[in-house]
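# Summary of structural features
The primary structure of each chain is shown beneath.
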Amino acid sequence: MSDETNETTGAGPERVIGTPPPVKSGALLASGGGDTEEYKPGAELDERKAKKDERIVALFFLLAFAASVGFMVYFIGWSGRNGGMHGLERTRESNFWLGGLMALSFLAMGVGVTLWMRRLMTSVPIEQARYDMATDEETRSSLAADIKQGALDSGLGKRPLLRRTLLLAAAPLGLAPLFLLRDLGPLPEKRLRHTYWAKAVAKAKEAGKPGVRLIVDSGPEASAPLKAADFNTPGGMITVLPEGIYDLGHDALTQIAKASTILINIEPDKIKPVKGQENWTVNGIIAYSKICTHVGCPAALYEQTTHHILCPCHQSTFDATDGAKVIFGPAARPLPQLPLAVDEEGYLIATGDFPEPIGPSYWERG
Amino acid sequence: MTRFTAWRRRSWAGYAVMLAALMAIGVIYAGFSPATDRAEADGTQAQAQDLAKGRELYNQNCASCHGLNAEGTKSEGGNQLAPSLIGVGAASVDFQITTGRMPAMTYGAQVPRKDVVAPFDDSENVEAVAAYIQSLGGGPGVPVVPEGGDVALGGKLWRTNCAQCHNFTGQGGALTGGKYAPNLHDTTPVQIYEAMLTGPQAMPVFNDTTLTPHDKASIIAFIETVRAEPNPGGNGLGRIGPVSEGLVAWLVGIGLLVLCAMWITAKKPKKLKKS
């Protein structure tokens, strides 16, 4: 190839740097072996068979046309009636017809084109000329000379004042992205450190009560506080929230995501109390954060036979009888335990927040 | 050239290999997808029956594991083989027998659901044993599912308290050590109620004072609604969400695309004859 390149650069029209040199013959296709025999399209085809193949390909194209028309007819005539989709039963039907017809249209077109290529186009090997990727020595040295001359002409070395002030002008642009990062939002600060249990307990204590009642999570309307005597069956489990969390309105879901707690009833003699948390249970009723300390999935697969709490995401397993100690899986810390008590009316209450941040580790938690 | 190499050079061999691979994927998928085991059960309220008949049935079918006095049995190492039935109540007996779990075939991590065997295909016999066990130490009786379950409330309760093990549409899921939460494909409303009330095997208990009968009826209504929903794609693919759907789309879809690519780029038969 290189000899051809040299030849063209010598005699051909003026070249622009970076474009391939003009080809001598002007034809992109060259027949096999490099001889100059003229190429006749379709010369090797049997014309009778070709006619038949032509009709087959045309049939596929007609099928594609019919399917496309069918798609539009279905969309306007049936799927669009009564103003659109109605119910899962209709979704199934429209999925079938819209998807099926569109797939048929594209498939028939593709099959037609492929058959056309396979049966009616040439099977003669085609040689496509390629050239060296690198530019020739002459062009490269001329470019280098141009750059050197430009640098010399600008006086970058001779005039340091200009060089330095230009660098100074560009420096703030380099720092600009830091300001963009800062604008991504405030740091989470202490919001990850506490759950709504803290605020709810503080509110209850202001009102002269010993703690906040636990409600069975049944949505904003139906959630009701739970009595210790009602949650009395060993092996029992239920998801609870602090009373009043649904009054938060828009913020309620965010707070529920952090404050979700599982309440478990274990035979009291099976519980090994954690040091300093001995009186945090009520008659074998014990409460743990539902948020896994690994990456924050809801860990609530409780097996009443083994007293294991399992996280469905990565199989972290916690022992509910032993302060939710990690006994298997990637979680690094036990599930935080909620301090429980009973108020004078017999309702289960929480007397404080979780002693440590719930959920997975984060930057400031350390 | 060996015979195999010759076979591989045939023009259709590539397609055959591809098809075989696709079929293998299909067979493997079928092997892993949850099989449905059918069992019909008739939840009827336990009445005071002839206790003598119940005791006789118990001694014939249950006592070998649970003990002649329903006190349970332990292995020589002290591990529990079969639990005591004193105080479990008629609800538990009805659940275990009508779902075919009891009488169990063998000890293991979990007793699977199976077809109900004789003599318990007759609901009178189930009632008799249930009444006998009830007479030993009380416990929850066979419940009646109240009318008027609220599907929305049931869905909320299901997602917060049940979905973690049984999946959001009741397909079941794995637990530890070979245990699993079974699917709810064929479970009757009474059986669902009994399961919540008694906490069979590893399942926690949801007693009537924690989840009220209305809450339970709502959960049952939710499950029945979800079960009745059609699959918009034609096949639910286990209804476990985008994982199985994506797997099928990638394996089958990409398999078909590969077949197409092979066809488009394959050498033409004409040229094959010449060489």
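Treat the numbers as computed from the prediction; the structure is a model and nothing was measured. (Residues numbered from 1 in each chain as written. Chains lettered and ligands numbered in written order. Predicted model: local features only at pLDDT ≥ 70, side-chain atom pairs only at ≥ 80, totals over all residues.)

### Section: the overall build of chain B
Note the threshold: Every helix listed is a DSSP run of H or I at least four residues long, and every strand listed is a run of E at least two residues long, numbered separately from the N terminus. With C-beta atoms placed from the backbone, a residue counts as buried when 20 or more other C-beta atoms lie within 10 Å of its own, as exposed when 12 or fewer do, and as partly exposed for counts between those limits. Note on contacts: residues are paired as contacts if their backbone-placed C-beta atoms lie within 7 Å.
Regarding its fold elements, chain B presents 12 helices and four strands. In chain B, which comprises 275 residues, the proportion classed as buried is 32%. The contacts of chain B with a sequence gap of at least 6 include a subset with a gap of at least 24, amounting to 72%.

### Side note on the interface of chain A and chain B
Residue-level contacts link 33 residues of chain A with 31 residues of chain B. At the level of elements, α3 (87–120), α7 (219–222), β4 (237–242), β7 (301–303) and β8 (308–310) of chain A are the ones that each hand at least two residues to the side of chain A that touches chain B.

### Structural notes on the packing of helix α5 (residues 89–98) of chain B against helix α6 (residues 123–137) of chain B
All names here are of chain B. Short version of the rule: Axes here mean lines fitted to C-alpha atoms, for a helix over just the part in contact, with angles spanning 0 to 180 degrees between N-to-C directions. Crossings are assigned a handedness: left-handed for a near helix turned anticlockwise from the far helix by less than a right angle, right-handed for a clockwise turn. Residue type decides the class: Asp, Glu, Lys and Arg count as charged, Ala, Val, Leu, Ile, Met, Phe, Trp, Tyr, Cys and Pro as nonpolar, and the leftover types, Gly among them, as polar.
α6 packs onto α5 with a crossing angle of 145° between their chain directions and a minimal axis gap of 8 Å. Read as a crossing pair, α5 and α6 show a hand that is right-handed. Along its contact with α5, which presents G89, A90, V93, D94, I97 and T98, the element α6 presents V126, V129, A130, A131, I133 and Q134. Partitioning the contact of α5 with α6 into residue classes produces eight nonpolar, three polar and one charged.

### Overview of the sheet that holds strand β3 (residues 212–216) of chain A
All names here are of chain A. Using the following cut-off: Here a strand pair is declared whenever DSSP counts at least two bridges between the two strands.
Strands sit in the order β11-β6-β5-β4-β3-β13-β12 across an open sheet of seven strands; the sheet is antiparallel. Edge positions in the sheet fall to β11 (337–338) and β12 (340–342), since each has one partner strand and no second. Sheet topology note: the strand β6 (residues 285–289)/β11 ladder contains two bridges and is antiparallel. Bridge pairing in β11 links A287 to L338.

### Some thoughts on the sheet that holds β7(A)
Each strand in a sheet pairs with another by means of backbone hydrogen bonds, the pair being arranged parallel or else antiparallel. Residue and element names in this part refer to chain A. Spatial strand order, β7-β8-β9-β10: four strands in an open sheet with antiparallel pairing. Strands at the two margins of the open sheet, each flanked by one partner only, are β7 and β10 (325–328). For this sheet, the mean angle separating the axes of adjacent strands, direction not counted, is 30°.

### Observations concerning the pairing of strand β5 (residues 261–265) of chain A
All names here are of chain A. Most of β5 sits inside the fold, with five of its five residues counted as buried. The two faces of β5 match: T261, L263 and N265 on one face and I262 and I264 on the other face are all buried. Bridge analysis of β4 against β5 gives four bridges, and the strand direction is antiparallel. When the bridges of β5 are listed, M237 appears paired with I264. Judged from the five bridges that link them, β5 and β6 form a sheet pairing that is antiparallel.

### A closer look at unusual backbone geometry
For the peptide bond that leads from M102(B) to P103(B), omega is -5°, which places it in the cis range. Within the fold, P103(B) resides in the loop between α5 and α6. Positive phi, close to 60°, is recorded for Q315(A), a residue that is not glycine. When you line up the elements, Q315(A) lands in the loop between β8 and β9 (317–319). Judged by the 16 C-beta atoms lying within 10 Å of it, Q315(A) is partly exposed. In this structure, Q201(B) is a non-glycine residue whose phi angle is positive, near 50°. The residue Q201(B) is located in the loop between α9 (189–198) and α10 (213–228) in this model.

### Topic: the packing of α9(B) against α10(B)
All names here are of chain B. To be explicit about the condition: Comment on the angle field: the value is read as roughly parallel under 35 degrees, roughly antiparallel over 145, roughly perpendicular from 65 to 115, and oblique elsewhere.
Running from N to C, α9 and α10 cross one another at 130°; their axes reach a closest spacing of 10 Å. Taken together, the axes of α9 and α10 are oblique relative to one another. As α9 packs across α10, the resulting crossing turns out to be right-handed. Contacts between α9 and α10 pair P189, I192, Y193 and M196 from the former with K216, I220 and I223 from the latter. Its residues assigned to classes, the contact of α9 with α10 shows six nonpolar, no polar and one charged.

### Focus on the confidence of the model for chain B
All names here are of chain B. Defined as follows: Confidence of the predictor at the level of single residues is given by pLDDT, which spans 0 to 100.
For chain B, the mean per-residue pLDDT works out to 81, and 89% of the residues sit at or above 70. Note that pLDDT drops below 50 for residues 35–49; the model gives that stretch 41 contacts with residues more than four away or on any other chain. A low-confidence stretch, residues 271–275 stays under pLDDT 50, and its non-local contacts, those more than four residues away or across chains, total three contacts. Reported for the predicted complex are a pTM of 0.70 and an ipTM of 0.72.

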